[in-house]
Every structure is written in C-alpha cells, then in structure tokens.
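# Structural overview for review
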Amino acid sequence: MESDVLNPASLLPGTHIGPWRLLEQRGRGTYGVVYRAEPAEPRAADVVALKLALHPGDARFAREAELLSRIRHPAVPRLLDHGQWQPREGVSYAWLVMEWVEGTPLYEWAQAWRPSSRQVLQVLARLARALDATHSAGGLHRDVKGDNIRVRREDGLPFLLDFGSGHHVGAATLTWQPLPPGTSAYRSPEAWRSIRRLSKRSAVPYPPGPADDLFALGVTAYRFITAKYPPVAHPEDEDAWLWRPEELAHWTARVSNSRCLPELSALVSRMLSPQPEARGSAREMAEALEQAARSAGREADVPLFTGEEPRPAGLFPLPQHFTMQRPPRPRRWPWFAAAGLGGALAAGLLSRSEAPQLAEQEEAKDAGTVAVGDSALTAPVSPERAPSMWRPITEDLPPKPLPGQRRPDGNGRCPGKVQVSINGGCWTKLSVDQKDCDEKGAFEYRGACYFPVMTRQRPATSSPAERDDSP
C-alpha cells in the first residue's frame, strides 16, 4: 500500500500537492500524469490541471514551466503554479498547475461537429497565433498535433496544449538524439534529411526551428480536413517520391476532400512545403488564414464531412483516380545500418511504410507519439495498469523488424549465442537497468532492454560517377 501512496501515477482523491487538492486522474503519458485539482484552501478559484512528474528529478518540468511562463496567448493555458512534491525524504517530483480546458481532441471534434472550411480556417488561425506567441517568446512547441489540441466545449475555441516536448532559448539539452522529441508523422522534410548527415555519433543533432512547428501544423490541418495523414516525409519511405515538386499537386487537401475550399487547401500546401522558407512565419500564416476566412464566399460554409465517410485507416492513401506508376524505390543509405543509429531508431526513425499493420492501433495515439510530452490535459485515463515508480522511459519493442534489421533463419534462430529472435527480428539483450533503456537507445521488452542487430550493407556496385554521396 505504501508504494501506491508514493506512486505519482496512482494518488487518491484528496491528496495534497502543494496548495492543491487532487480530485481525479484524467490523463497519463510517459513522463507525467495529469490530475484534475482544486485549491486546498477555500477561495475563489476554478478547477485546474495539475501535471505531476512520474520520475524524481525530471528536468523537463522546469523547462516546461519556464516556457509556459514566457507565453501569453489566450489559446495557450496559463501556468498558475509549480513546485516540488516530496512524499518522503530524498525523493522529489516536479509538478505544474495550469488552466483547465474541458474539451474534445481536435480530430474527434471534427468527426462530431463536421466543421466547414471557414471554421477550419478560424481554428487554424488561432493555433497559428498561439505558435507565433510561442516563437516570439523564444520557444518551440516541437509536438504540434491533433492529440495536443483541444476544442473547448463551451465556445468551440481551440487550445494548444502539452508543452512537455517544448524548448526555449537558453534551455539545457536533456537528450542527445539525432532528432529532437516529436512525433514521426509530423516531422518536417528537413528534419528527416538531416539524419543522412548524422552518420557519426559526434555530429550535432538537428536543431529544430519555427518552420518545423509550422510544418507540423500543416500535417495537423491536412489530417483535420481529410481524416488522413499526408505522405510521410522520411526519404526512406516508399511514398517519399510524392514529395517531388511535380507530384505535390496530386495529393493536396482539396484532391483528398473536394469539399475543401481552394484557398484553405492552398494554405495547407504552403505549410507543407518541402522548403522551410516557403512556409513563412506563424504570424504570416495566421494573417493569411484570417484573411481567407473573412473573404471567402458561401461555399466556405459547406461542411467538410457528411458523416457517412468510412473510418480513416490512419495512413496516407492515394485517391482512387490517381493511378500514376510509382518509380523504383531508391537504394537504402549505407549509414542506416550503423549501430550508432540505435538511438535514432528509438527516437522515431521507423517509417510508417515499415509498419502498416500498426495503422489502426497508432491512429488512436495520433500517429504514434515518440515525444517526451504527456497525454493532453483532458485525455481519458488508459485502462492499463498504472506504471510503477520506475517505469522505463523508452519505446516498446516494435511488432515487426526494423528496416535493415537482421532476420532469423528458417528455424527461427539468430546467429551467435547472444542474439535472440523476437517479433521476426534479431536482438541483443543489454545488461542495463530497465529504466536506462532510453539512454542506450534500446527498446523495452518484458522488463529488459534490447538493441536491434542490423545487417551489414553490401558494397555499392555502381561506379563512382553513378553514386550519390552528397549530404
């Protein structure tokens, strides 16, 4: 019983955290748990969201508190309080208190309310303004997506939540991975391209910027309008050819949903531009969205959905009339097999094309988050067992082999005595504590850490003149 009392993920109603009293648990992520709370002392104050760290000494909370304290925008919940909870001597858990937003996740709201193009323009404009306020404060959100946006029930206004993956000027780097925290389906083309230049572990990780947040808002908008994701921007994905300039017009938001206003579709395509400079700033995008909403005619008030659409599969599908022959898939890059990229794999390098059978499962998690952020503030509590105090901060073992991973032989065996076969791939078990899996770039499986065994790439057979080794 004592362990439950001390476990941040299973605190009972009435528990006091600083000057706040917990009412009920409402969401949980990898690094934090969200409680609905109220002031412990009677006073005129509303119910609040209290976010409590799951792990002692988590520096992410101090960074999030600092970032939120800098942002002043009505679409971003205000930071009201923060501190440290000490259930026993020598153990301290960080906590934050923010305004409570009672609402519905963006994509669920779209399915239920069937907004028009004008309403979508207004929603996106408000979110772009929130990003502009974040960028003006020297910050980045780094995990803009539908699960981190809530539409308030009382007035239909959207809010940008969960800055747990955020960063700000002057903040210390907490993780050393090739890519920053984020969600794979929302990463920009320039972020994915940077991986090719990170073949050495000493290389500087990719530095995200405001253009990355704007691209993620573009993915969110595309998913918002079409109920499907755009093609993943990873150069190794089988649909990467669709990002060529001559192909972009074939899968715009209007192509996927003919009810979409042309002006809205054009602005979404601008946010999804492969060239960061073409996206402009969040402020410029907000102004363009607001202008389009004001000047649009009656056709902008047609609902984007009829309510009879089939349930989205979560992956990008080509329109039925689009039958262009795909070009051959490019050869894999030699650096991909380097053992040093284990961290990158754990950080989200697995492309969506490599895991089609996960589509329906990942759809519920908004393309499968790999961010350090937590569930949005009004997310329902997962029915699974609450994590222990030392739940590992890592990725679960994927259900099928990673790209370039060694496969077992016909008898289901992997070469050598230290390799084991799991889920169709060969893995090496690491002799480290479970809570240290993330630092080693490993995956968690049945209470242990495993590292993928990658196959050696064959030497290139093309002549030097034919090879492309440009960064």
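These lines cover the structure that appears in this document, whether it is placed above or below.

The rules we used
- Residues numbered from 1 in each chain as written.
- Predicted model: local features only at pLDDT ≥ 70, side-chain atom pairs only at ≥ 80, totals over all residues.
- Heavy atoms only, no water.
- Core = buried A, V, L, I, M, F, W, Y, C linked by side-chain atoms within 4.5 Å.
- Buried < 20%, exposed > 50% of the residue type's maximum accessible area, 1.4 Å probe, protein only.
- Contact = heavy atoms within 4.5 Å.
- Helix = DSSP H or I, 4+ residues; strand = E, 2+ residues; numbered from the N terminus.
- Arc of directions from axis to C-beta.
- Pairing = 2+ DSSP bridges.
- Disulfide = S-S within 2.5 Å.

Glancing now at the nonpolar core. Grouped together as the largest cluster of nonpolar side chains are 70 residues, with contacts concentrated most on Leu217, Phe224 and Leu264. Not counting residues up to four positions away in its chain, the partners in contact with Leu264 are Ser117, Val120, Leu121, Leu124 and Ile225. With 17 residues, the next largest nonpolar core counts Val48, Leu52, Val91 and Tyr93 among its residues.

Buried within helix H3 (residues 106-113) we find Leu106, Tyr107, Trp109 and Ala110. The buried residues of H3 all sit within an arc of 160 degrees when viewed along its axis, so they share a single face. Contacts made by the buried residues of H3 are with strand S7 (103-105), helix H4 (117-136), strand S9 (149-152) and helix H6 (210-226). Of the residues flanking the end of H3, it is Arg114, one or two places downstream, whose phi is positive at about 50 degrees.

In this structure, strand S13 (residues 419-422) lies alongside strand S14 (residues 425-430), joined through four bridges in antiparallel fashion. For Gln419, the partnering residue across the bridge sits in S14 and is Thr428. Note that S14 and strand S16 (residues 448-452) share four bridges and pair antiparallel. By the bridge assignment, Trp427 is partnered in S16 with Pro452.

Below, the discussion takes up the state of the cysteines. Using the criterion set out here, one finds one disulfide in the structure. With its sulfur 2.0 Å from that of its partner, Cys414 forms a disulfide with Cys426. What sets the handedness of the Cys414 and Cys426 disulfide is the S-S torsion sign, and at about -95 degrees it is left-handed. Of this pair, Cys414 sits in the loop between strand S12 (395-396) and S13 while Cys426 sits in strand S14, placing them 12 residues apart in sequence. The same class applies to Cys414 as to Cys426, namely buried.

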